[in-house]
Structure formats: C-alpha cells, structure tokens
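# Architecture at a glance
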Protein chains: 2
Amino acid sequence: METVLIIEDDSTMLRGLKDNFAYAGYNVLTAADGEAGLNYALDAKPDLIILDIMLPEINGYEICRLIRKEKLDMPIIMLTAKGEESDIILGLNLGADDYMTKPFSIKELLARAAAFLRRRRQDQQDTYEFADFVFDIGARRLTRKKREIKLSPKEYKLLEFFVKRQGKALTRDEILNDVWGYNSFAGHRSVDRFVTTLRSKIEPDPHNPTFIHTLREIGYKFEPL
Amino acid sequence: METVLIIEDDSTMLRGLKDNFAYAGYNVLTAADGEAGLNYALDAKPDLIILDIMLPEINGYEICRLIRKEKLDMPIIMLTAKGEESDIILGLNLGADDYMTKPFSIKELLARAAAFLRRRRQDQQDTYEFADFVFDIGARRLTRKKREIKLSPKEYKLLEFFVKRQGKALTRDEILNDVWGYNSFAGHRSVDRFVTTLRSKIEPDPHNPTFIHTLREIGYKFEPL
DNA sequence: CACAACGGTAACAAATCCGTAACACACGCC
DNA sequence: GGCGTGTGTTACGGATTTGTTACCGTTGTG
C-alpha cells in the first residue's frame, strides 16, 4: 500500500485530509509541525508528501529544500493560503512538484496525488533480470536458473538498492543512508562486509567481481550484463 | 536540448506560449489541431506536452488518452478555459500530469514545466565527451571507444577537475586546492607526477600532449578537440 | 654557450584502502 | 536455557595508491 505523509498544522484541515486519503485507500502518516514532518519524511520514506507552507518552527519551503537535499525524490504537493505567483514559483523551484491554493477541491487534490503515484508506479519495476538471475522485489525472491538463493534481510535491501541504481557510482554514505537508514550508527566497514557476503552468493568468482565492482575511496557500483 | 510540444488552436495563445518556451531555452514544436498534435507527439517524442482541451477534430482528452495508450510517458500539462472540478479530475485520470485553468500565469506554467523536466533530468547522469573518450561522472567511468580505462582515485579527481575547467589555465595551487584539498601537505611536484600518469593513460603520444598542455611556470590546461 | 629554472618520469617507501575471517552480541525459536 | 541466524565491529594482510626524491632533458636568458 502506498504511504502518504501529510504535514499540516491546522487540525481541522489535517483531519479532513487524513480521512479522505485514508478512505481513498492510502496508508496515511500525519505531522502537525515541520520538525516532526521532516523526521517522518526521512525516516518512513513515504511515496508522496502533502506539505502545508505555513507551519510553526520550520516552514514548508525549508522542509522541501531539506528533503531534496537528502536526495529523496518522492513527489511533493504544496498547499498554501496565499495565491501569489511568486510563492508558487519559489515552491516549484525548491523541488516541489505541484502546488494547490486554499481553498481547493479535495477531489482535485486526490486526483493530482493519484496522477503522481501512477507515474511513479510506472517507473519502478518490481523484477529485475541480470545474467541468469531473476530478482523479484515484490516477491522478495532471488533465483538463479530457477534455483532460489537465500538472502538475509540486509543483503536483500542492499541488492535491491544496487539493482535500482545499476550503473551508478554509489558512495558508502549513500548506501548506508538508503539501506541502513539515515539514523543508523553502522560504520562504513559494515557496507564492505555485506558486499562480501552478497558477492559470495551471486558472483561466479568473488575475487573478480562481474556485478558488484569496487570503486576505491568511493564505494561500489552494480552493473549487470 | 529538451523539446516541448504545444498543442493549441488559438493562434495568439500559441504564439505567446511558443515565444516564452523558446525564450526559456526549449526546443519548441507546435500544432494547431489534434490530428497534427498527436502525430508530432508519436513521431518526435517530445520531453513535455502542453495540451489545450478545446481543439478542433480531436479534443484534448482524447489526445491524452491516445498518447498514453501508445505507452508514451512524457509529462502532459493540460490547459483549459473551463475551471470545472470534474473536467480537471477527468483530465488527470486520463493520464495528464497537471492542469492549468485559463487565464493562467505563464511564469507559473514555465515553473511547473521545469519541475517536471527537472525530475526527468535527475535520472540522466552528466557525461563529458572529448575526442573518442567518454567521461561519465555518474558512473565514475572513463572509456575510449567503449573500452574502459582504469583510473586511480586521484587520477579520476584530477581528470574531473580538468574536464570541468576545460580551456582554462590552471595553476598548480588551484589544482592542489581542488584535487588534493585545502589542508593537504602535498607538494607542487605531486601534480606533475599525476599529470604524467594521466597523460600516459589518455594521450596518444604523451610527449606531444593533445589534451593536457603544460603552461611553463604556471601549471596546466586541458583542451578537448 | 653556460647556466639556471623548470618540468617529465622512474623508483621507492610510506600510507591507505579493501577483502575477509574472527568475534561479540542480539534476537527469535524450540 | 541452548541453538541457529543475522548483524556490526575489529584486526590482519595483501594490494594499490600516493608523495617525494633524484636524475635528466628542455627551455629560456644573458
């Protein structure tokens, strides 16, 4: 189920949004101030964020900027009472994807949200194939020539991160952030250790890696073919 | 350059949109009716489509539906004179990504368009090409005629610095600052040594450098071509 | 031409980095 | 509790990388 995070300080509005999104079949997280909202965003990695601009503590623009700074790319729809053109453009330039002015139609908001999530679903495949492997993310299954290869939860998340970013250079920090979580205390060498075990399970010759390549001083890079 | 297709039958409006998008640096295609618009969309595969709803022949909803039916997934922003909630929702459900009601701010439209294209651009990494080399920063890879050339971390950073400042005279101090870091203790001659090894890897004839030129008493200069 | 300054480069020692085995701990299960 | 599994840290060893030095050719200058 897709998760929507709603960050809004007006409790009446928040309740209304929450009920509507829940009724539409989403898993809903809510936050009443910027601090909490930002933490939820970084921690739970929702699929979509509804973000009010006028918030206590940190304002919506700042939250948007910080989320993008962390390289999180879920769609963000901003809400505001102001209808100023300059505000809208500022929001969009900071990395928001859409902008609605209060009062707005809740149905339209739901439709826009659905449009973003539909697009997102298109992009994310759930099975990847490389060499004679089939990696089914939805079913949490890795097979090689029909034979299943068992992976521990962390190995699974690591491989998932690798295949989703195949061909890209990944730093240990990026890996730690995505696979271990931004608030984990794990050290850099833990990445190496899990790469070793992953290699031992999928590489024909772990000493001459075919898929997971080491990038000295940087991290790793996954390449199929 | 990114291509935008504008489908709009009102010639004044079309002209205005075309000029603004062209001025913003896009390659612009225009169509005055649905038939032509659909053909352009299927043929030229633009990166973004601005689509008016009220069109002769085929209306905008139909075009949107047909485009999605062909599995083309570029973002579509719909324009309409009607502000009916039900129209907006219909449009979004048919596969449009955004919807603006006339009269709208052209600046806001540009900002929304930019937001969609920015998302798309995130995925494609920056690469530099010179002679028969391809230097892919995202994948951290240098290739010459499809064959990979291995670079040590420092060689990589040095080449990255050169490529990003191509055509500019670079002093050893600038190079040391950027590649080694401001708090490094490395001496000036270290730069020379790494230039030598870089040359040995990328210059056809290291004694007569094509790319990395020595500037006596100054430093070096990288020039492609 | 002699000389000095400069850059190219081979050689080497030191530093760094990574693969991996070993260990410690936490947790769930019987 | 005892056992097996999963996870994070540490330490060792080997491989690679890096900074320096020395030597030498080149260039510019008087």
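So, here is what we can say about the structure in this document.

Rules used throughout
Residues numbered from 1 in each chain as written. Chains lettered and ligands numbered in written order. Predicted model: local features only at pLDDT ≥ 70, side-chain atom pairs only at ≥ 80, totals over all residues. Heavy atoms only, no water. Pairing = 2+ DSSP bridges. Helix = DSSP H or I, 4+ residues; strand = E, 2+ residues; numbered from the N terminus. Axes fitted to C-alpha atoms, helices over the stretch in contact; angles between N-to-C directions. Contact = heavy atoms within 4.5 Å. Buried < 20%, exposed > 50% of the residue type's maximum accessible area, 1.4 Å probe, protein only. Parallel < 35°, antiparallel > 145°, perpendicular 65-115°, else oblique. Left-handed = near helix turned anticlockwise from the far one by under 90°. Nonpolar A, V, L, I, M, F, W, Y, C, P; charged D, E, K, R; others polar.

### Comments concerning the sheet that holds strand β8 (residues 141-144) of chain A
All names here are of chain A.
- The strand order β6-β7-β8-β9 describes an open sheet built from four strands, whose pairing is antiparallel. Two strands bound the open sheet, and with one partner strand each, they are β6 (127-130) and β9 (147-149). Within the sheet, the average angular offset between the axes of one strand and its neighbour, ignoring direction, is 25°.
- Where helix α6 (residues 153-164) meets the sheet, its contacts fall on β6, β7 (133-136) and β8, and the angle it forms with β7 comes to roughly 105°.

### Notes on unusual backbone geometry
- Phi angles above zero are rare outside glycine, and A:Lys146 is one such case at about 70°.
- By the element assignment, A:Lys146 lies in the loop between β8 and β9.
- Judged by its relative accessible area of 80%, A:Lys146 is exposed.
- Phi angles above zero are rare outside glycine, and B:Lys145 is one such case at about 50°.
- Relative to the elements of secondary structure, B:Lys145 occurs in the loop between β8 (141-144) and β9 (147-149).

### Remarks on the packing of helix α2 (residues 34-44) of chain A against helix α3 (residues 60-69) of chain A
All names here are of chain A.
- Where α2 meets α3, the closest approach of the two axes is 10 Å, and the angle between their N-to-C directions is 20°. Our classification of the angle between α2 and α3 gives roughly parallel. The two elements α2 and α3 cross, and the hand of that crossing is right-handed. Along the contact surface, α2 presents Gly34, Leu38 and Ala41, while α3 presents Ile63, Leu66 and Ile67.
- Class assignment for the residues of the contact of α2 with α3 results in five nonpolar, one polar and no charged.

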